[in-house]
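Chains, contacts and geometry: an overview
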Amino acid sequence: GCCCCCCMCVYVQAMREELSMVDLVIVKGDLMYRKLVGDYKFPWNTSFEALLSYFPCPVASLRTCKSPVVVGIQKKLGLKLQKEDKGWLTTGKYAVIQVADPQAIRAVVVGDQGFDVVLNVTTNACDNMCSIQ
């Protein structure tokens, strides 16, 4: 018979090969974001792109913050948000759009420091990670 572990390895390799031919994977939602970054509470300023270096193709993540798991946020901006709203990571009031492998994606440009954006969903105010005043 077939060993589950062996079948899983073949399945994972086949999936990696298939995804490596894709131009962009778009992941939506807090749960899928947590799966991408391992559902681990890294420091806010941990690089999203570095964490996703295992992914076989460019990936964009769109999510509202409903859990304390978030990366790619400049420390200064994270502290500012924490001061303004202690629950900013879990209330669903803020959203994060992040892209790993930005060289492969030329259609989206947000700010001069990359693609990471924090959105205040309730006011539609957009803060670039450089912290636009």
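Presented here is a report on the structure given in the accompanying data block.

It is worth spelling out a nonpolar patch on the surface at this point. A cluster of nonpolar residues, L24, I26, L62 and I97, forms a patch on the protein surface that exposes about 310 Å² of accessible area. Structurally, I97 can be placed in strand β3 (residues 94-100). Assessed through its relative accessible area of 31%, I97 is described here as partly exposed.

A few words on the side chain of D30. Along the chain, D30 turns up in helix α2 (residues 30-36). A polar atom in the side chain of D30 sits 3.3 Å from the side chain of S67.

Ranked by size, the top nonpolar core spans 23 residues in total, and within it L52, V59, V70 and W88 carry the most contacts. Elements supplying a minimum of two residues to this core: β1 (25-28), α2, α4 (75-84) and β3. In terms of residue count, β3 provides more of this core than any other element does, three residues in total.

Take the layout of surface pockets next. In this structure, the second largest pocket spans a volume of roughly 170 Å³. Lining the second largest pocket are V27, M32, K35, L36, Y54 and F55. Looking at the lining of the second largest pocket residue by residue, the classes come out as five nonpolar, no polar and one charged.

For β3, a buried count of six out of seven residues is recorded, marking the element as mostly surrounded by other parts of the structure. For strand β2 (residues 59-64) and β3, the ladder comprises six bridges, and the chain directions are antiparallel. If you follow A60 over to β3, its bridge partner there is V99.

The next subject is α4. Turning to α4, its buried residues number three or more, namely L77, G78 and L81. Each buried residue of α4 sits inside an arc of 100° when the element is viewed along its axis, so together they form one side. Structural note: α4 exposes K75, K76 and K83 on the side pointing more than 90 degrees away from its buried face.

The next thing to look at is the environment of M32. Locating M32 in the fold gives a position in helix α2. Residue class for M32 comes out partly exposed when judged on its relative accessible area of 36%. Once the C-alpha coordinates of M32 and L62 are considered, the two residues, 30 residues apart in sequence, prove to be 9.3 Å apart.

About the thresholds
Residues numbered from 1 in each chain as written. Predicted model: local features only at pLDDT ≥ 70, side-chain atom pairs only at ≥ 80, totals over all residues. Heavy atoms only, no water. Patch = residues over 30% accessible without salt bridge, like charges linked within 9 Å, V, L, I, M, F, W, Y side chains within 5 Å. Areas by Shrake-Rupley, 256 points an atom, 1.4 Å probe, with all protein chains shown as cover. Salt bridge = Lys/Arg side-chain N within 4 Å of Asp/Glu carboxyl O. Helix = DSSP H or I, 4+ residues; strand = E, 2+ residues; numbered from the N terminus. Buried < 20%, exposed > 50% of the residue type's maximum accessible area, 1.4 Å probe, protein only. Polar contact = N/O pair within 3.5 Å; in protein donor to acceptor, adjacent residues only side chain to side chain. Core = buried A, V, L, I, M, F, W, Y, C linked by side-chain atoms within 4.5 Å. 1 Å grid on protein atoms, 1.4 Å probe; cavity = no way out; pocket = protein on both sides within 12 Å on 5 of 7 lines; lining within 4 Å. Points joined across faces, edges and corners; volume = space filled by probe spheres on them. Nonpolar A, V, L, I, M, F, W, Y, C, P; charged D, E, K, R; others polar. Pairing = 2+ DSSP bridges. Arc of directions from axis to C-beta.

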